[in-house]
Amino acid sequence: MSKPRIAVIGNPGKWSTEVLATALHQRTGFRLIADLSQIALDLTSGRLMFEQHNLCHLDGIIIRKVGTDYSPVCIERLEMLRVAEHAGVRIFSSANSLIRLLDRLACTVTLHNHQIPMPPTLVTESVETALQQIQHWGSAILKPLFSTKARGMQVLNANQGSKALESELTRYKSQHPLLYLQQHIDIQGTDMGLVFINGEYQGAYARIADKKAWNTTIHNGGRYASCQPDSATIEVARRAQAAFDLDYATVDVAMSQEGPVVFEVSALGGFKGSHTGSNIDLAARLADYTIASLRS
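An unreviewed UniProt entry lists the protein chain under the name GAK system ATP-grasp enzyme, from Nitrincola iocasae.

Following this line, the structure appears as structure tokens:
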């Protein structure tokens with residue numbers, strides 16, 4: 001296989017999607033960005049079409065983004081990619097692996113079962129149980145099961161009072177039947193993204209929160225910076241991503257008083273944090289890894 005045909009599943013026009021497609025084009029002469037919301041699966045003919053391209057006829061597909069926002073429909077989009085995988089197209093990372101990451105609870109349970117340190121977490125359908133836990137912790141972060149960049153998350157404090165908390169939990173539950181709560185731990189306004197390709201550590205970057213924000217996301221005014229996590233933190237992150245069998249992974253880690261804790265593992269994180277914070281060209285590295293894997 002001299003010049004494999006590799007598509008990028010992503011959001012056209014977005015920086016991480018475009019730089020990866022460019023890196024692949026420079027190496028193979030082939031460029032295709034496919035928006036999963038625009039594909040059509042014909043199970044009678046076994047065709048998975050994006051515009052005039054049958055994705056089942058490609059050599060490889062790298063999944064960068066499955067939509068502009070995470071929702072249950074993203075899982076259904078990944079299910080359609082399993083048809084291309086069954087046809088022999090190498091998917092980076094496997095659709096089966098990614099399905100376990102998109103749902104926050106599925107990711108959390110997997111991390112728990114692999115004994116990865118995380119913030120104390122409660123999942124319940126009971127408003128009363130959630131209220132009691134917030135009062136015990138003092139402060140909690142309420143998280144939707146499908147979200148990125150802290151969208152839809154909110155901080156609840158015990159000092160708001162029982163009636164106000166109960167009202168807010170009830171309102172939230174009307175839109176999110178399962179209440180996912182994590183204790184709000186003090187991370188000193190900083191967390192890290194540790195990046196891996198095929199399980200090998202590539203480097204890390206820090207996210208530093210805006211003074212007015214409770215979270216570190218760039219969406220809420222945070223900024224990227226360089227960082228050098230210690231070997232113990234890298235090992236925690238390595239074990240976390242290994243639980244999902246991924247070709248590319250970013251592990252979100254923060255330092256608590258007890259040591260490193262993992263917030264989540266993502267196979268769909270962008271490249272800008274590594275590029276801006278630590279001058280790492282992940283698009284080039286991932287393109288080289290993908291081509292080498294297809295040729296081996």
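## Focus on the sheet that holds strand β2 (residues 33-34)
As summarised here, the arrangement of the four strands in space is β2-β1-β6-β7, forming an open sheet in which the pairing is parallel. Here the strands that pair on one side only, and so sit at the sheet edges, are β2 and β7 (90-92). Strand direction decides the pairing type here: strand β1 (residues 6-9) and strand β6 (residues 60-63), joined by four bridges, are parallel. Of the residues in β6, the one forming a bridge with Val8 is Ile62.

## Observations concerning the pairing of strand β13 (residues 200-208)
In the sheet, strand β12 (residues 190-197) pairs with β13 via eight bridges, with the strands oriented antiparallel. Each bridged residue has a counterpart across the sheet, and for Ile197 the counterpart in β13 is Glu200. The antiparallel pairing of β12 with β13 creates a hairpin that spans two residues between the two strands, and Asn198 there sits at a positive phi of about 55°. The sheet contact formed by β13 and strand β14 (residues 223-226) spans four bridges and is antiparallel. What sits directly across from Arg207, in β14, is Tyr224.

## Here's the deal with the domain arrangement of the protein chain
For the protein chain, the assigned domains are domain 1 (6-101), domain 2 (121-183) and domain 3 (186-279). Taking the mean C-alpha position of each, domain 1 and domain 2 sit 35 Å from one another. Counting residues at the interface gives five residues for domain 1 and four residues for domain 2. Summing the contributions of domain 1 and of domain 2, the shared interface buries around 390 Å²; its carbon and sulfur component is 71%. Of all residues in domain 1, Asp69, Tyr70 and Pro72 bury the most surface against domain 2, accounting for 73% of the area lost on that side. The tally of links between domain 1 and domain 2 comes to zero salt bridges. If you look at where domain 1 meets domain 2, you find zero residue pairs in polar contact (both at pLDDT 80 or more). Residue composition of the side of domain 1 that touches domain 2, by class: three nonpolar, one polar and one charged.

## A few points about empty space enclosed by the protein
For the coordinates displayed, the defined rule picks out one cavity of 30 Å³ or more. Empty space within the largest cavity amounts to approximately 50 Å³. Ile62, Ile63, Arg64, Phe92, Ser93, Asp247, Tyr248, Ala267 and Leu286 together form the lining of the largest cavity. For the lining of the largest cavity, the class distribution of residues is six nonpolar, one polar and two charged.

## Quick look at the pairing of strand β10 (residues 154-157)
Side chains of β10 alternate between two faces, with Gln154 and Leu156 buried and Val155 and Asn157 left unburied. As defined by bridge partners, strand β9 (residues 139-143) adjoins β10 across four bridges and the pair is classed as antiparallel. Of the residues in β10, the one forming a bridge with Ser139 is Asn157.

## A short note on the sheet that holds strand β3 (residues 40-42)
In spatial order, the strands read β3-β4-β5; together these three strands make up an open sheet with antiparallel pairing. Looking along the sheet, the strands with just one partner apiece sit at the ends: β3 and β5 (53-54). By the bridge criterion, three bridges tie β3 to strand β4 (residues 47-50) in an arrangement that is antiparallel. Of the residues in β4, the one forming a bridge with Ala40 is Met49.

## A look at the packing of helix α3 (residues 95-102) against helix α4 (residues 104-113)
Remark: α3 packs on α4, axes separated minimally by 4 Å, with the N-to-C direction vectors making an angle of 100°. Overall, the two elements α3 and α4 adopt an arrangement that is roughly perpendicular. Counting all contacts with α3, which are made through Arg100, Leu101 and Leu102, the residues of α4 involved are Arg104, Ala106, Cys107 and Thr110. Residues of the contact of α3 with α4, tallied by class, amount to four nonpolar, one polar and two charged.

Conventions we followed
- Residues numbered from 1 in each chain as written.
- Predicted model: local features only at pLDDT ≥ 70, side-chain atom pairs only at ≥ 80, totals over all residues.
- Heavy atoms only, no water.
- Pairing = 2+ DSSP bridges.
- Helix = DSSP H or I, 4+ residues; strand = E, 2+ residues; numbered from the N terminus.
- Domains from an automatic or database assignment.
- Contact = heavy atoms within 4.5 Å.
- Buried area = accessible area lost by both parts, 1.4 Å probe.
- Salt bridge = Lys/Arg side-chain N within 4 Å of Asp/Glu carboxyl O.
- Polar contact = N/O pair within 3.5 Å; in protein donor to acceptor, adjacent residues only side chain to side chain.
- Nonpolar A, V, L, I, M, F, W, Y, C, P; charged D, E, K, R; others polar.
- 1 Å grid on protein atoms, 1.4 Å probe; cavity = no way out; pocket = protein on both sides within 12 Å on 5 of 7 lines; lining within 4 Å.
- Points joined across faces, edges and corners; volume = space filled by probe spheres on them.
- Buried < 20%, exposed > 50% of the residue type's maximum accessible area, 1.4 Å probe, protein only.
- Axes fitted to C-alpha atoms, helices over the stretch in contact; angles between N-to-C directions.
- Parallel < 35°, antiparallel > 145°, perpendicular 65-115°, else oblique.

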